[in-house]
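Here are the chains, one letter per residue:
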Amino acid sequence: MPHETLDTVYAALADPTRRAIIGHLVRGDTTVGALADKFPISFNGVSKHVKVLERAGLVARRVTGREHWLTLDPAPLGQASRWLEHHRAFWETRLVALERILVGEEKRHRPARKRSRK
């Protein structure tokens, strides 16, 4: 996935309203009007959020008569998830190595305990 596309997807997902829209679309296609009824913002506000999601490739729109139907396209989410997973694995291995080093240092610098004789 090109960085510009990845940037657009993550920017779209950065907003809680857009994430909520995605959450509604996971359940199935809906019209812009029906979607707007679920949010405490104006129809135009929801429409602007939908346009951001469309530009990111997360939502597709089809017009049937006067109704604008929205469909979730999960492909960009999968691509963004794979990018995150790759980097999570990268950092996880480094953090495990760092932990081993720190634990080794801690053991080396720990004062020796005196044994008591009974």
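Thresholds, definitions, all that
- Within each chain, residues carry numbers counting from 1 in the order of the written sequence.
- Where local features are concerned, this predicted model is filtered to residues with pLDDT of at least 70; where side-chain atom pairs are given and counted, the filter is 80 or more; whole-chain, interface and lining totals use all residues.
- Each side-chain value is worked out from all heavy atoms of the structure, with water and hydrogens disregarded.
- Secondary structure follows DSSP: runs of H or I at least 4 residues long count as helices, runs of E at least 2 residues long count as strands, and numbering of each begins at the N terminus.
- What the globule rule says is 2.2 Å times the number of residues to the power 0.38, and the radius of gyration is computed from C-alpha atoms.
- Exposure categories follow from relative accessible area, calculated using a 1.4 Å probe and restricted to protein chains: below 20% of the type maximum is buried, above 50% is exposed, and the middle band is partly exposed.
- Contacts are assigned to residue pairs with any non-hydrogen atoms lying within 4.5 Å of each other.
- Charge convention: Lys and Arg are scored as positive, Asp and Glu as negative, and His as well as the terminal groups of each chain are ignored.
- We put the charge of a Lys on NZ, of an Arg on CZ, of an Asp on CG and of a Glu on CD.
- Salt bridge, as used here: a side-chain nitrogen of Lys or Arg that lies within 4 Å of a carboxyl oxygen of Asp or Glu.

(A) Structural detail: the overall build of the protein. Helix and strand counts for the protein stand at five helices and three strands. Taking 13 Å as the expected radius of gyration for a compact globule of 118 residues, we find that the protein reaches 24 Å, considerably beyond that expectation. With respect to the three principal axes, the spread of C-alpha positions in the protein is 90 × 35 × 20 Å. Relative to its full complement of 118 residues, the protein shows a buried share of 24%. Restricting the contact set of the protein to residue pairs at least 6 apart, pairs at least 24 apart contribute 53%. Of the side-chain charges in the protein, 22 are positive and 13 negative, and the distance between the mean point of each set is 12 Å.

(B) Highlighting the environment of Leu77. Note that Leu77 resides in helix α5 (residues 75–109). Residues Leu77 and Leu6, 71 residues apart in the sequence, show an inter-C-alpha distance of 9.4 Å. Apart from residues no more than four positions distant in its own chain, Leu77 is found in contact with Leu13, Ile22 and Leu58.

(C) Expanded view of the pattern of salt bridges. The tally for this structure, following the rule as stated, stands at four salt bridges. Here Arg62 makes a salt bridge to Asp29, at a shortest N to O gap of 3.3 Å. Placement of the pair is Arg62 in strand β2 (residues 59–64) and Asp29 in the loop between α2 (16–26) and β1 (30–31), with a sequence separation of 33 residues. In this structure Arg62 comes out as partly exposed when scored by relative accessible area, which is 40%. The residue Glu92 makes a salt bridge to Arg88 at a minimum N-O spacing of 2.7 Å. Placement of both Glu92 and Arg88 in helix α5 is noted, with a separation of four residues, approximately one turn of the helix. Among the charged side chains, a salt-bridge network with shared partners connects Glu85, Arg88 and Glu92.

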